[in-house]
Amino acid sequence: MSSTQASAPAFQAIKDYLLREIQSGTWKEGQAIPSEAMLAAQFSVSRMTVNRAVRELTSEQILNRIQGSGTYVAQQKYQATLVEIKSIAEEIRSRGHVHRSELHELSESPANEQLAAEFLVKPGHRLFHSVIVHFENEVAIQVEDRWVNSSVTPEYLQQDFSSMTPNEYLVAVAPLQGVDYRIEAVLPPRQIADMLHISTKEASLVLHRKTRSQGKIATSVTMWHPGKQYQFTGSF
């Protein structure tokens, strides 16, 4: 076992090993992985420890457990989410309009207790933070406040977000494994209202979205939109 594996909890070391083997192509979609007994012997741990790693990868739709048969590499449904993860620049261009963005923040910050819990990491873990305002035909339509896991995208701070959106970059380097989201209508704080050029008394549509990649929480983003000028649509 490598030093990285040794320093991680036993179940996480097994989980990371299974992910590496799948991502490298050693085990392909539909192929059975070694049994829990074999993995327990390989890593010198209990079957309960192996079972936790397998259960978590199954819940993340990386593995598929079939009762009485075994555990198989699941078909990776990176694009089959209920809400399509689409670049706002692409959406604007598809309407024949012009996209422009303003970068207000691009920094590194240690995770506080709240962010650590959200990303399932230890407090102090390196996170990246970006705040970008997106414009459609010179009208501000979104404030994108995004936190990014440095262990998933270590080169995030080196990107030029004037030429591409964070979403376009992340889709390329961190294939999507899952997404959680919620939408609410709230009054914006002063800083957000100023960036959207609206009143603090005008309701905003807010999309909170958390994505998973490489078996980890990859990003947590809050996107603010002027309520009078924006709507969410979709079908499935």
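Residues numbered from 1 in each chain as written. Predicted model: local features only at pLDDT ≥ 70, side-chain atom pairs only at ≥ 80, totals over all residues. Heavy atoms only, no water.

Taking burial as the measure, the eleven residues of strand β4 (residues 126-136) include ten buried ones, the bulk of the element. With eleven bridges joining them, strand β3 (residues 99-110) and β4 adopt antiparallel strand pairing. When the bridges of β4 are listed, E102 appears paired with V133. Direction of pairing for β4 relative to strand β5 (residues 139-149): antiparallel, over a ladder of ten bridges. Paired with H129 across the strands is W147, a residue of β5. The hairpin formed by β4 and β5 contains two residues between the paired strands, and N137 there has a positive phi angle of roughly 50°. (Buried < 20%, exposed > 50% of the residue type's maximum accessible area, 1.4 Å probe, protein only. Helix = DSSP H or I, 4+ residues; strand = E, 2+ residues; numbered from the N terminus. Pairing = 2+ DSSP bridges.)

The predicted model of the chain has a mean per-residue pLDDT of 86, with 89% of residues at 70 or higher. The low-confidence segment residues 1-7, where pLDDT is below 50, has six contacts with residues more than four positions distant or belonging to other chains. Below pLDDT 50 for its whole length, residues 77-83 participates in eight contacts with residues either more than four positions away or in separate chains. (pLDDT = per-residue confidence, 0-100. Contact = heavy atoms within 4.5 Å.)

The tally for this structure, following the rule as stated, stands at six aromatic pairs. When the ring of F128 is compared with that of Y156, the centres are 6.2 Å apart and the planes differ by 5°; the resulting orientation is stacked. Taken as a pair, F128 in strand β4 and Y156 in the loop between β5 and α7 (166-173) lie far apart in primary sequence, 28 residues in all. Across this residue pair, the class does not change: F128 and Y156 are buried. (Phe/Tyr/Trp six-rings, centres within 6.5 Å; stacked < 30°, edge-to-face > 60°.)

So, about the nonpolar core. Formed by 17 residues in total, the largest nonpolar core has its most connected members in L18, W27 and L63. Residue assignment for this core shows that the elements contributing at least two residues are α2 (10-23), α3 (36-43) and α4 (47-59). In terms of residue count, the dominant contributor to this core is α2 (five residues). Here L63 is in contact with L18, I22, I33, V54, L57, T58, T71, Y72, V73 and A74, once residues within four sequence places are set aside. With twelve residues, the next largest nonpolar core counts F135, A193, I198 and W224 among its residues. (Core = buried A, V, L, I, M, F, W, Y, C linked by side-chain atoms within 4.5 Å.)

The subject of this paragraph is the sheet that holds strand β7 (residues 204-213). Pairing is antiparallel in the open sheet, where six strands are placed in the order β3-β4-β5-β8-β7-β6. Strands at the two margins of the open sheet, each flanked by one partner only, are β3 and β6 (178-186). Averaged over all adjacent pairs, the angle separating strand axes in this sheet is 15°, with direction ignored. Where β7 meets strand β8 (residues 216-226), ten bridges bridge the pair, whose relative direction is antiparallel. Counted as the bridge partner of K210 is S220 from β8. α7 contacts β4, β5, β7 and β8 of the sheet and is inclined by roughly 35° relative to β5. (Axes fitted to C-alpha atoms, helices over the stretch in contact; angles between N-to-C directions.)

Pairing geometry for strand β1 (residues 63-66) and strand β2 (residues 70-73), over four bridges, is antiparallel. Along β2, the bridge assignment pairs I66 with G70. Where β1 hands over to β2, the hairpin turn is made up of three residues, of which G68 adopts a positive phi near 80°.

Secondary-structure assignment places S87 in the loop between β2 and α5 (88-94). On the basis of relative accessibility, which here comes to 2%, the residue S87 falls in the buried class. Only 3.3 Å separates the side chain of S87 from the side chain of T165, close enough to count as a polar contact. Among all residues touching S87, those that are not within four sequence positions of it are T165, N167 and E168. (Polar contact = N/O pair within 3.5 Å; in protein donor to acceptor, adjacent residues only side chain to side chain.)

With that settled, the discussion passes to unusual backbone geometry. You will see that E138, though not glycine, has its phi angle at about 70°, which is positive. Its place among the elements puts E138 in the loop between β4 and β5. We classify E138 as exposed; its relative accessible area is 51%. The backbone of H197 shows a phi angle near 60°, a positive value even though the residue is not glycine. Relative to the elements of secondary structure, H197 occurs in the loop between α8 (190-196) and β7.

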